Amino acid sequence: MLTQPNQPYPVLIVDDEPQALESFTMALELLGINNILACPDETRVMSLLEKEDVDIILLDLIMPVISGEKLLEEIVLKYPDIPVIMITGVDDIPTAVRCIRKGAFDYLTKPVDTDQFASSVNRALDHRFLKRKNELLLHHLFTDSLKFPDAFSAIITRDKAMMNLFMYCEAIAPGKEPVLITGETGVGKELFARAIHLASGRGGDFIAVNVAGVDDHAFSDTLFGHRKGAFTGATESRRGLIDKASGGTIFLDEIGDLAESSQIKLLRVLQDREYFPLGSDQPRPADARVVVATNREIRELVSTGRMRQDLHYRLRTHHIHVPPLRKRMPDIPLLLDHYIEEAANEFGKTRPTYPPELLQLLMIHNFPGNVRELRAMVYDAVSKHSSRVMSMDTFRERIHENDIPAPSPPGAEEEIYSQLEKIPTLKDAADALVREAMRRAGHNQRLASKMLGISPSALNKRLSALD
């Protein structure tokens, strides 16, 4: 079975025998490869490669005008990243060794063994895919730019760490391996999943499903579908969401709440890239990119046995951790303006302004609900406002509700300091608090002074005295 299905570039077969071209074409199609170029004339190969980007090349060794060995040298010289699999009817070990030394990826002898052929092609495609992915990562590393910025337009930010995540998402987007997205509730994990889908260029749909609290039967029926008569009430066959997302992306949210029996089925889909609809003994190919998300701590889920370790390893081929809003406070003015505009349009109201004090209030709030919490605040306030300047009362009420502290266990404050091997001096502790307040306030001294409970002038003096 093909490990990198839907490869964007064709496999090139070069052989002067029409029967061999037809045979290898059929063998590739059985592997799920339909993007194929068949070339019966070896003299046209180099000009073809100038016009067409290919994933791998199947190259016959013995041809009438240019030998495969000679053609291999030219291909390796001009296109060193394209894996070339040499194929010949002569079992000649010295020639095979010579071709490998000249840069051939593999060497197969006719009649080609089916399993050996599948293994060689899959390894070559995997090698080519990894090369392309590394090239894209290096491109982002040195250009610091996105090729598909529109894919991330729904995520409002100017934070450097977020921009780095965008570039990583774009680099992994073309692949088929699963992606694990972690982060607190409300940070926008589904937006990242959609961005990966959009940046991938995959033609299928993006389908999102929340699997929290779903029992094993419902999970199987939802994802895999069922055959008519599979269970009581199954009067018609039904497609599963994996089938509907074929050629696209399926996003499984709250994966940390999935039952173990369902985890085993998901693991089988990821490993074998196939699944069984309920009531069927015939496997179906799973050609949907799987992206999962959780707001739970993954290590804790694994250590407590709530997530299988093998599933964890399989899921985190690519891992994206979305930072909480409190770690990117400078984004708050952008988000505030965006949601005020959005809410005003939805409610059919003139866009209100807001007092400067509102930003100060929001910047010192911890936002346990992250971006979702801020959006809810803004929508509620805009729906209630009737004057030109938006009132701060709704925001104060919401913040007061969310900021009610949970009772601290006795001695909690002392526990913080008891963990320290050496108690800092008062000056060191004060300097550390000043630096942390400035970081959280986005270097806004007025906001930082409010966090510290001192005047702006007193903060200014402390900043001047910092080492």
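Before any of the text, the structure's been laid out above.
Residues numbered from 1 in each chain as written. Predicted model: local features only at pLDDT ≥ 70, side-chain atom pairs only at ≥ 80, totals over all residues. Heavy atoms only, no water.

A. Spotlight on the sheet that holds strand 14 (residues 318–321). One open sheet accounts for five strands, arranged 7-10-13-6-14; its pairing is parallel. The open sheet terminates on both sides in strands that have one partner only, identified here as strand 7 (206–210) and strand 14. On average, each strand axis in the sheet is inclined to that of its neighbour by 20°, with strand direction left out of account. The pairing of strand 6 (residues 179–182) with strand 14 spans four bridges and is parallel. Considered in strand 14, the bridge of Thr-182 is made with His-321. (Pairing = 2+ DSSP bridges. Helix = DSSP H or I, 4+ residues; strand = E, 2+ residues; numbered from the N terminus. Axes fitted to C-alpha atoms, helices over the stretch in contact; angles between N-to-C directions.)

B. Local environment of the pattern of salt bridges. Overall, the coordinates contain 29 salt bridges when judged by the stated rule. Taking the shortest distance from any N to any O, the salt bridge between Arg-128 and Asp-53 comes out at 3.3 Å. Of this pair, Arg-128 sits in helix 5 (residues 114–143) while Asp-53 sits in the loop between helix 2 (45–51) and strand 3 (56–60), and the two are 75 residues apart along the sequence. A salt bridge links Arg-328 to Asp-331, with the nearest nitrogen and oxygen atoms 2.9 Å apart. The pair formed by Arg-328 and Asp-331 is uniform in burial state, with each residue classed as buried. Members of the salt-bridge network, linked through shared partners, are Glu-69, Glu-73, Arg-98 and Lys-102. (Salt bridge = Lys/Arg side-chain N within 4 Å of Asp/Glu carboxyl O. Buried < 20%, exposed > 50% of the residue type's maximum accessible area, 1.4 Å probe, protein only.)

C. Expanded view of the pairing of strand 3. Summarising burial for strand 3: five of the five residues are buried, a large majority. The two faces of strand 3 match: Ile-56, Leu-58 and Asp-60 on one face and Ile-57 and Leu-59 on the other face are all buried. Here four bridges tie strand 1 (residues 11–14) to strand 3, and the two strands are oriented parallel to one another. Across the sheet, the residue bridging to Val-14 is Leu-59, located in strand 3. In terms of strand pairing, strand 3 meets strand 4 (residues 84–88) through four bridges, oriented parallel. Across the sheet, the residue bridging to Leu-58 is Ile-85, located in strand 4. With helix 3 (residues 68–78) bridging strand 3 and its parallel neighbour strand 4, the resulting β-α-β unit is right-handed. (Right-handed = clockwise from strand over helix to strand, strands pointing away.)

D. Structural detail: the packing of helix 18 (residues 426–440) against helix 19 (residues 445–452). Between helix 18 and helix 19, the least distance of the axes is 8 Å, while the angle of their chain directions is 130°. One element, helix 18, and the other, helix 19, form an angle in the oblique class. In the packing of helix 18 onto helix 19, the handedness of the crossing is right-handed. Of the residues in helix 19, those touching helix 18 at Leu-433, Val-434, Ala-437, Met-438 and Arg-440 are Gln-445, Ala-448, Met-451 and Leu-452. Tallied by class, the residues present in the contact of helix 18 with helix 19 amount to seven nonpolar, one polar and one charged. (Parallel < 35°, antiparallel > 145°, perpendicular 65-115°, else oblique. Left-handed = near helix turned anticlockwise from the far one by under 90°. Contact = heavy atoms within 4.5 Å. Nonpolar A, V, L, I, M, F, W, Y, C, P; charged D, E, K, R; others polar.)

E. Representation of the pairing of strand 2 (residues 36–39) in the model. Here four bridges tie strand 1 to strand 2, and the two strands are oriented parallel to one another. Of the residues in strand 2, the one forming a bridge with Val-11 is Ile-36.

F. Examining the sheet that holds strand 2 more closely. Reading across from one edge, 2-1-3-4-5 is the order of the five strands in this open sheet, with parallel pairing throughout. At either end of the open sheet lies a strand with only one pairing partner, and these are strand 2 and strand 5 (106–109). The average angle at which neighbouring strand axes cross in this sheet is 20°, direction not considered. Against the sheet, helix 4 (residues 93–101) makes contact with strand 4 and strand 5, and its axis sits at roughly 155° relative to strand 5, the strand it touches most.

Note that all results are geometric; they support no functional claim without further evidence.
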